[in-house]
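What follows is each chain in one-letter form.
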Amino acid sequence: MDVLSLIDILKKRQIAVRILNLGIDTSGAGGRLFLLLLAGFAEFERNIIRERIMAGLDVARAKGKRPGRRSTLSPEKTAQARAMKQRGLSSREVSELLQVSRMTAWRAMNSLKAVP
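Residues numbered from 1 in each chain as written. Predicted model: local features only at pLDDT ≥ 70, side-chain atom pairs only at ≥ 80, totals over all residues. Heavy atoms only, no water.

Asker: Hey, could you go over the side chain of Ser91 for me, with residue numbers and the actual values?
Answerer: Tracing the backbone through its elements, the reader meets Ser91 in helix H4 (residues 91-98). Given a relative accessible area of 14%, Ser91 falls into the buried group. (Helix = DSSP H or I, 4+ residues; strand = E, 2+ residues; numbered from the N terminus. Buried < 20%, exposed > 50% of the residue type's maximum accessible area, 1.4 Å probe, protein only.)

Asker: Requested: an account of helix H1 (residues 2-12), with residues and values cited.
Answerer: An α-helix turns once per 3.6 residues; consequently, residues spaced three or four apart project the same way. When H1 is considered as a whole, its buried residues turn out to be Leu4, Ile7 and Leu10. Buried residues along H1 cover an arc of 120° about the axis, so they all sit on one side. What points out from H1, more than 90 degrees from its buried face, is the exposed set Asp2 and Lys12. At its buried positions, H1 is contacted by helix H2 (29-62). Two residues or fewer past H1, Gln14 is found with a positive phi of approximately 65°. (Arc of directions from axis to C-beta. Contact = heavy atoms within 4.5 Å.)

Asker: Please provide a residue-by-residue account of a nonpolar patch on the surface, values included.
Answerer: On the surface, Leu22, Leu33, Phe34, Leu37, Leu38 and Phe41 cluster together to form a nonpolar patch covering roughly 590 Å² of accessible area. Relative to the helices and strands, Phe34 resides in helix H2. (Patch = residues over 30% accessible without salt bridge, like charges linked within 9 Å, V, L, I, M, F, W, Y side chains within 5 Å. Areas by Shrake-Rupley, 256 points an atom, 1.4 Å probe, with all protein chains shown as cover. Salt bridge = Lys/Arg side-chain N within 4 Å of Asp/Glu carboxyl O.)

Asker: Summarise the environment of Val94; cite the residues concerned and give the values.
Answerer: Locating Val94 in the fold gives a position in helix H4. Using a relative accessible area of 0% as the deciding quantity, one classes Val94 as buried. Placed 67 residues apart in sequence, Val94 and Ser27 show a C-alpha to C-alpha distance of 65 Å. Discounting chain neighbours no more than four positions away, the residues touching Val94 are Ala81, Met84, Leu89, Ala105 and Met109.

Asker: So, the pattern of salt bridges: which residues are in play, and what are the values?
Answerer: The final tally for this structure, using the stated rule, is 3 salt bridges. For Arg32, the salt bridge identified is with Asp8, shortest N-O distance 3.1 Å. With Arg32 in helix H2 and Asp8 in helix H1, the pair connects residues that are 24 residues apart, well separated along the chain. The exposure class assigned to Arg32 is partly exposed, which follows from its relative accessible area of 21%. Residue Asp8 is classed as partly exposed on the basis of its relative accessible area, which comes to 30%.

Pasting the structure below:
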């Protein structure tokens, strides 16, 4: 759709676009129609790919898999981080004790998710 809007901007400036390897000339109605069809097929293909990805993620979740990057901290270390927070330690102190980044320690200390 960005290509179509760019071609509209160029057309207002009286600039025609010719795609040489496809034989499309946007100065005529036929070229414009062909370009619209290509854009429609590209959008259709993106939607199909998105549906397949979502279906694959649903199947993986149903099998108990957790998509995404694995956690740096084990469930035990995450529980330790939460306990240290209860004792009043800062995320910097927890990160030094667990040998992880301060942000990883902070996420573990403040995560609302149940420990897997």
